[in-house]
Amino acid sequence: ADLTLEGEVGVSALDRNRSSDFDDGDNSGAAYNLTANWKPRSARIGDFDLALRYRDVDARFQPIDRINDIEFNRKWDIATPAVARERMTEGRAAYMPWQHTRISGGAGSISRGEFSSLRLDGGLQLQPASADSGLPKLDYGIEYIDSEDAQAGIHGSWLRQLAAAEYRGGLFTPRLRFEQEHRESRDTPTDTLRLESQSFVDVRPGIVFPSIWNMTFSADVGMRVEDVLLGGSLERQSTDILQQYGWQLRSWKDLSSEVTVTVRDRRFSALFASRGNKDLQTILTRAQTRYAPLNGGVQTDLLYEVSTERTSRLQRVFLNVPYGQGNYEYLGDLNDNGVQDEEEFELTRYEGDYVLLTLPTDELFPVIDLKSSLRLRLRPERFLRSGASPWTDALRAFPSESLTGTEE
């Protein structure tokens, strides 16, 4: 049928003190979920897909499992969860004028106590059947969330965009990834921006080279600019130049592997550099290999990830302050080297004239982070290439899996 209706009801009963009958009137809660989906088909004008959803969750309802997806709070810009009745209404529409083309849009609202949010989104997907069609592959989505928390006095607006495109018509496959976010969170009484306000634009063009001997090479170069809150407004914090190179080996004699090298140069603006931020260069190498011989009876997964960056080393500095306001006193040049060494200072309670500060040095030093893991899985029943047999059933009861990892 073109029209589908669904309904769902949940009831919970939670007694926080079963040994007492006092205040048992708030133990029970209920939740309702109603959906309607209409999919009319027309060979002349294309296909439609319309969906409506309404959900009502009582404040006393206690689910035994998670009922919201992992991005629920981000989807509605919920910053301060509250125990209150929740009402949510959503509507979505999609139009497919041609095969492999989909245009979609949606709107929704949610209210939870004194919090309310309105959400609008749209998208365009183009999935050509083959590389010979002459059409690019495109996936674009945009969403806007306007939220209001009357109790906390916060008003938020959040615009997000994400697009990915590639063209497989020629020898090489050019591709482009674009991501942009602009979030403003304001205190309602003073109309000032809050710390969570931020904005960034990330553009990454790239290219995928033709496959040679089951191997694929790719290269991407991108730029990312970030704005953060400073002095009551969004100011340019940094500009990142990103280089990413990839190599992939697809299933060759039970072996598959993938290696990615990422080089990121982060340059802070003069405004943030004056506040102690230092330019950074980070190099990340990630290698993942799988070897599954003997019909998959032995499966080995190796992960190796190492990142190098240059960062400031922290230095302990003793600063002279008026007598009695510090917690260290200087004992003198005990080793006669003309330098105030750390061991020449002593803690004191009332007679100190020095305080200890930890400051970054101007010189950058290399830092290396290493993560590696090895996973070995044995399935003895796959050693036998014959069909089902008593031996196969017996060996299936003796699988094993081992995992070891290193982080340094």
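Look up: the structure comes first, before these words.
Residues numbered from 1 in each chain as written. Predicted model: local features only at pLDDT ≥ 70, side-chain atom pairs only at ≥ 80, totals over all residues. Heavy atoms only, no water.

K.L.:
I would appreciate a short explanation of the pairing of strand 5 (residues 101–112) in the present structure.
P.N.:
Residues in a regular strand project their side chains so that they alternate between the two faces of the sheet. Note: strand 4 (residues 86–96) against strand 5, 10 bridges, orientation antiparallel. From the neighbouring strand, Ala 94 faces strand 5, where its bridge partner is Ser 104. As consecutive antiparallel partners, strand 4 and strand 5 are separated by four residues, and within that stretch His 100 has a phi angle of approximately 70°, a positive value. Strand direction decides the pairing type here: strand 5 and strand 6 (residues 115–126), joined by 12 bridges, are antiparallel. Its bridge partner lying in strand 6, Thr 101 is registered against Leu 126. Hairpin remark: strand 5 followed by strand 6, antiparallel, with two residues in the connecting loop; positive phi at Gly 113, about 65°. (Pairing = 2+ DSSP bridges. Helix = DSSP H or I, 4+ residues; strand = E, 2+ residues; numbered from the N terminus.)

K.L.:
Sorry, what's going on with empty space enclosed by the protein here?
P.N.:
In this approach the atoms are scanned with a rolling probe the size of a water molecule, which exposes any empty space left behind. In the structure shown here, the tally under the stated rule is one cavity of 30 Å³ or more. The space that makes up the largest cavity amounts to roughly 110 Å³. Around the largest cavity, the lining is made up of 15 residues, and of these Asp 77, Ala 79, Ser 147, Ile 154 and Ser 185 lie nearest the centre. Listing elements by their share of the lining of the largest cavity, those giving two or more residues are strand 7 (137–149), strand 8 (154–166) and strand 9 (173–187). A total of four residues in the lining of the largest cavity trace back to one element, the largest contributor, which is strand 8. Within the lining of the largest cavity, the residues separate by chemical class into three nonpolar, six polar and six charged. (1 Å grid on protein atoms, 1.4 Å probe; cavity = no way out; pocket = protein on both sides within 12 Å on 5 of 7 lines; lining within 4 Å. Points joined across faces, edges and corners; volume = space filled by probe spheres on them. Nonpolar A, V, L, I, M, F, W, Y, C, P; charged D, E, K, R; others polar.)

K.L.:
Sorry, what's going on with the pattern of salt bridges here?
P.N.:
In a structure, side chains of opposite charge can pair up when their charged atoms sit close to one another. Under the counting rule described, the total for this entry stands at 34 salt bridges. Residue Arg 53 is joined to Glu 90 by a salt bridge in which the shortest nitrogen-to-oxygen separation is 3.4 Å. In this pair, Arg 53 is assigned in strand 3 (residues 47–57) and Glu 90 in strand 4, connecting sequence segments 37 residues apart. A salt bridge links Arg 236 to Asp 227; the nearest nitrogen and oxygen atoms lie 2.5 Å apart. By relative accessible area, which is 39% here, Arg 236 ends up partly exposed. (Salt bridge = Lys/Arg side-chain N within 4 Å of Asp/Glu carboxyl O. Buried < 20%, exposed > 50% of the residue type's maximum accessible area, 1.4 Å probe, protein only.)

K.L.:
What is the right way to look at the nonpolar core in this model?
P.N.:
A general trend in soluble globular proteins is that nonpolar side chains are found buried together. Ranked by size, the top nonpolar core spans six residues in total: Phe 72, Trp 76, Ile 78, Met 88, Ile 110 and Phe 115. In contact with Trp 76, not counting residues within four places along its chain, are Met 88, Glu 90, Gly 108, Ser 109, Ile 110, Phe 115, Ser 117, Arg 119, Ile 145 and Ser 147. (Core = buried A, V, L, I, M, F, W, Y, C linked by side-chain atoms within 4.5 Å. Contact = heavy atoms within 4.5 Å.)

K.L.:
Looking at this structure, I do not really get the layout of surface pockets. What am I missing?
P.N.:
Quantified by volume, the largest pocket comes out at close to 680 Å³. If you list the elements that add at least two residues to the lining of the largest pocket, you get strand 7, strand 8, strand 9, strand 11 (198–208), strand 12 (215–230), strand 13 (233–252) and strand 14 (255–268). Per element, the largest residue contribution to the lining of the largest pocket is eight residues, and it comes from strand 13. Of the residues assigned to the lining of the largest pocket, the class counts are 13 nonpolar, 10 polar and 10 charged. Estimated volume of the second largest pocket: approximately 370 Å³. Along its surface, the second largest pocket is lined by 17 residues, and Val 57, Ala 82, Ala 84, Glu 86 and Arg 112 are the ones closest to its centre. At the level of secondary structure, the elements contributing two or more residues to the lining of the second largest pocket comprise strand 3 and helix 1 (72–76).

K.L.:
Got a minute to help me understand the environment of Leu 159 in this structure?
P.N.:
With respect to the helices, strands and loops of the structure, Leu 159 is situated in strand 8. Exposure remark for Leu 159: the relative accessible area of 28% places this residue in the partly exposed category. Separated by 196 residues in the primary sequence, Leu 159 and Val 355 have C-alpha atoms spaced 46 Å apart. Beyond its immediate stretch of four places on either side in the chain, Leu 159 contacts Ile 142, Glu 143, Tyr 144, Gln 180, Glu 181 and His 182.

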